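# Examining the three-dimensional arrangement
So the chains spell out like this:
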Amino acid sequence: MPLSRNAMGTLFVGGALTLTLGALAYPSMLGVSQAATAQDRIIAQTQWGPLTELDRDFVVKVRAAGLWEYPLGEIALQKGTTPEVKEAGRHLIDGHAALDAACRKIAPMLNITIPNVASPQQVGFVNTIDSSSGQQFDSNFANILRVTHGSIFNTIAKVRSTTKNSLVRSLADMANDTVLDHITVMEKTGFVNFDQALFMQTTPPKLPDVDLTPPAPQPGAPMVVLTPPANPTSTPLAVPGENASGGATPAAGASPTPTVG
């Protein structure tokens, strides 16, 4: 039987371990807006295809996801109590370093400003997980990240199936593989409570946009770069039409330069 919202304050893992979710506030699609009113509006015509508000929002949020999940991967290597939790941390570092490089590569091509810090909601996730220790840390880490990745999975599918922009399409392909991998390694930790995770994914609250939106970078601030591990396994993003010198060939019949309004 589905639990009430009041009952969601406590999550029972393995019948004994308790996870307090008061500070979690339920992940809401990793901050991706669920409003459908204007997301299909074209905001730019580029040589890689039209760019919609949903496309732009997706690039920003993929970047923001790495800004909180990558450091949690590093924390998991230090505080995780099982090999499976530490392995999940390694996957976060590897996957988000690659996604981060992809976002930093295509954002200037599409004239998209990407953030240097995560959203307030995402910073809250980090604080909730990092403030715990022992098996409580393992449980908080696995459950919160399983919920957030499960929540964004459907959004990636929507972007991939609707975007007409080839750069965004390539990023969605990459994000789909990475998020599925992260879902899998979280489940392999043995700490995920699937009933609670499904309830939280399908019953998100209405949170203020300010909590879900990463702030714009400060003028002149150096861009934060998520350093890949010594032996990365994620495949770098391949820009459609990219030639050997690193340039990109415009799509047939498209404008030779991006124009953003």
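Rules and cut-offs
- Residues numbered from 1 in each chain as written.
- Predicted model: local features only at pLDDT ≥ 70, side-chain atom pairs only at ≥ 80, totals over all residues.
- Heavy atoms only, no water.
- Axes fitted to C-alpha atoms, helices over the stretch in contact; angles between N-to-C directions.
- Helix = DSSP H or I, 4+ residues; strand = E, 2+ residues; numbered from the N terminus.
- Parallel < 35°, antiparallel > 145°, perpendicular 65-115°, else oblique.
- Contact = heavy atoms within 4.5 Å.
- Nonpolar A, V, L, I, M, F, W, Y, C, P; charged D, E, K, R; others polar.
- Pairing = 2+ DSSP bridges.
- pLDDT = per-residue confidence, 0-100.
- Core = buried A, V, L, I, M, F, W, Y, C linked by side-chain atoms within 4.5 Å.
- Buried < 20%, exposed > 50% of the residue type's maximum accessible area, 1.4 Å probe, protein only.
- Expected span 1.5 Å × (residues − 1).
- Polar contact = N/O pair within 3.5 Å; in protein donor to acceptor, adjacent residues only side chain to side chain.

At a minimum axis separation of 10 Å, helix α1 (residues 53-79) and helix α3 (residues 120-130) run at an interaxial angle of 5 degrees. Taken together, α1 and α3 sit at an angle that is classed as roughly parallel. Residues A64, A65, W68, L72, I75 and K79 of α1 form the contact with α3, whose participating residues are Q122, F125, V126, I129 and D130. Grouping the amino acids of the contact of α1 with α3 by side-chain chemistry returns eight nonpolar, one polar and two charged.

Bringing the pairing of strand β4 (residues 49-52) into the picture now. Summarising the sheet, strand β3 (residues 42-46) and β4 pair through four bridges and their orientation is antiparallel. What sits directly across from T46, in β4, is G49. The turn joining β3 and β4, which pair antiparallel and follow one another in sequence, is formed by two residues.

This part is about the confidence of the model for the protein chain. With 77% of its residues at a pLDDT of 70 or more, the protein chain has an overall mean of 82. Considering only residues more than four positions removed or in separate chains, one finds that residues 1-37, a stretch of pLDDT under 50, has 86 contacts. The low-confidence segment residues 244-261, where pLDDT is below 50, has 34 contacts with residues more than four positions distant or belonging to other chains.

Looking at soluble globular proteins, one finds that nonpolar side chains tend to be buried together. In terms of nonpolar packing, the biggest core is built from 31 residues, with F58, L110, I112 and L171 touching the most fellow members. Every element with two or more residues in this core is listed here: β3, α1, α2 (83-106), α4 (134-162) and α5 (166-188). For this core, the element with the highest residue contribution is α5, accounting for eight residues. Those residues in contact with L171, other than ones at most four positions away along the chain, are F58, V59, V62, L99, A102, C103, I106 and L237. Residues A76, V85, L92 and F125 belong to the second largest nonpolar core, which totals 26 residues.

Here we take up α5. Here α5 is 23 residues long and its end C-alpha atoms lie 33 Å apart, about the 33 Å a rise of 1.5 Å per residue gives. N-capping of α5 is provided by N165, with a side-chain oxygen placed 3.0 Å from the backbone N of L167. Positive phi appears at G190, one or two residues downstream of α5, with a value of about 85 degrees.

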